[in-house]
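# Descriptive analysis of the structure
Okay, here's what each chain looks like letter by letter:
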Amino acid sequence: MSELVIQNLHINIGGKEIVKGLNLTIRQGEVHAIMGPNGTGKSTLAYTLMGHPAYEVTAGTVIFKERNILDMTADERSRLGIFLAFQYPVAIPGVTVANFLRTALNARRRAVNPEDKGISIPEFRKLLKKEMDILRMDHAFAGRYLNDGFSGGEKKRAEILQMATLKPEIAILDETDSGLDIDALRIVSEGVNTLSGGDVGVLLITHYQRILNYIKPDFVHVIMGGKIVESGGPDLALHLEERGYEWIREKYENGITV
Ligand code: ADP
Ligand code: MG
């Protein structure tokens with residue numbers, strides 16, 4: 001069993017400290033939701049875990065498979081089994097969804113087994129169709145340029161399709177619910193539920209409780225001021241839905257943190 005262990009993580013962006021001593025352990029098979037007001041460092045945490053070079057780690061460690069992944073590049077982390085679904089996926093005109101996914105999948109397979117010759121095109125097509133059917137995506141989607149002219153909902157589905165194809169061991173989903181209507185939210189959530197459980201650990205970042213009606217977290221954490229200030233079970237999310245974040249802010253500002 002692999003687990004992702006974040007210890008005392010401090011992150012600066014543009015010379016300002018945004019994440020200020022964050023601790024979190026995600027075991028495979030667990031779903032952790034991180035909730036918090038806008039601008040509290042949720043995406044900063046996600047980008048840093050994936051290795052975005054703009055985010056400067058000033059202290060702390062992130063251990064996965066006995067390695068401090070903070071010393072690794074983003075593609076090394078990806079090959080190790082860490083995946084990030086972006087809040088704002090970028091378009092790559094000229095690269096089709098199918099080509100992108102096959103290249104990424106082959107890189108991941110070779111990281112596991114250097115002798116791997118790569119997946120054959122017919123085998124890959126079969127796999128892709130199967131995953132697209134689960135996400136109820138038109139097969140023509142595979143031939144389109146990645147995220148180029150995709151609607152908000154299509155971009156999010158494309159992210160989950162990547163997750164389905166790459167089969168990561170730790171999946172970080174940054175506001176995968178934003179911009180989705182209720183039907184798309186249900187389909188995307190079903191996709192995530194199909195992929196999670198088993199041996200995948202999920203870090204689900206969200207501002208709203210809504211997605212947690214479809215993806216049931218084992219643990220819910222609230223991030224505020226760059227730290228986890230409250231942790232609990234799924235009922236914590238319902239509590240936030242009813243009472244907002246203010247009660248936690250008051251508690252936190254009075255110096256009572258957990
Ligand atoms: P969240 O995802 O919780 O809404 P972010 O992690 O995106 O919050 O942002 C946390 C803080 O860091 C915000 O105050 C934001 O303005 C700042 N920030 C994020 N990215 C950058 C950047 N590239 N340069 C400067 N400040 C940034
Ligand atoms: Mg964000």
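Quick note: structure is the one above.
Residues numbered from 1 in each chain as written. Chains lettered and ligands numbered in written order. Predicted model: local features only at pLDDT ≥ 70, side-chain atom pairs only at ≥ 80, totals over all residues. Heavy atoms only, no water.

### Digging into the nonpolar core
- Core analysis: the biggest nonpolar cluster contains 49 residues, and L161, L173, V222 and L240 have the highest contact counts within it.
- With six residues, the single largest contributor to this core is helix α5 (residues 152-166).
- Aside from chain neighbours lying at most four places away, what touches L161 is V97, L101, L128, E131, M132, L135 and M137. (Core = buried A, V, L, I, M, F, W, Y, C linked by side-chain atoms within 4.5 Å. Buried < 20%, exposed > 50% of the residue type's maximum accessible area, 1.4 Å probe, protein only. Helix = DSSP H or I, 4+ residues; strand = E, 2+ residues; numbered from the N terminus. Contact = heavy atoms within 4.5 Å.)

### Focus: the packing of aromatic side chains
- Going through the model one piece at a time under the given rule, you end up with three aromatic pairs.
- When the ring of F141 is compared with that of F150, the centres are 4.7 Å apart and the planes differ by 50°; the resulting orientation is tilted. (Phe/Tyr/Trp six-rings, centres within 6.5 Å; stacked < 30°, edge-to-face > 60°.)

### Some words on the packing of helix α7 (residues 234-243) against helix α8 (residues 246-253)
- Closest axis-to-axis distance for the α7/α8 pair is 8 Å, and the angle between their directions is 105°. In this view, α7 runs roughly perpendicular relative to α8, as classed from their interaxial angle. On the side of α7, the interface is formed by L236, H239, L240 and R243, while α8 contributes E246, W247 and I248.
- Each residue belonging to the contact of α7 with α8 can be placed in one class, and the counts come to four nonpolar, one polar and two charged. (Axes fitted to C-alpha atoms, helices over the stretch in contact; angles between N-to-C directions. Parallel < 35°, antiparallel > 145°, perpendicular 65-115°, else oblique. Nonpolar A, V, L, I, M, F, W, Y, C, P; charged D, E, K, R; others polar.)

### Digging into the coordination of the magnesium ion (ligand 2)
- All of the protein donors around the magnesium ion (ligand 2) are S43 (OG) and Q87 (OE1); their distances to the metal are 2.1 to 2.4 Å. Taken together, the residues S43 in helix α1 (residues 42-50) and Q87 in the loop between β6 (82-85) and β7 (92-96) connect sequence positions 44 residues apart. For the pair S43 and Q87, a shared accessibility class is recorded, and that class is buried. (Donors = N, O, S within 2.8 Å, 3.2 Å for Na, K, Ca; no water.)

### Quick notes on the pattern of salt bridges
- Under the definition given, this model contains 12 salt bridges.
- When salt bridges that share partners are traced, they join E3, R27 and E30 into one network. (Salt bridge = Lys/Arg side-chain N within 4 Å of Asp/Glu carboxyl O.)

### Points about the site of ligand 1
- Taken together, I13, I18, P37, N38, G39, T40, G41, K42, S43, T44 and Y55 are the residues near ligand 1.
- At a separation of 3.1 Å, an oxygen atom of ligand 1 approaches a polar backbone atom of G41.
- A distance of 2.5 Å is found between an oxygen atom of ligand 1 and a side-chain nitrogen or oxygen belonging to T44.
- For ligand 1, whose free accessible area comes to 560 Å², the fraction covered by protein is 59%.
- Top element by residues in the shell around ligand 1 is α1. It accounts for three residues.
- A per-class count over the shell around ligand 1 returns four nonpolar, six polar and one charged. (Near = heavy atom within 4 Å. Polar contact = N/O pair within 3.5 Å; in protein donor to acceptor, adjacent residues only side chain to side chain. Areas by Shrake-Rupley, 256 points an atom, 1.4 Å probe, with all protein chains shown as cover.)

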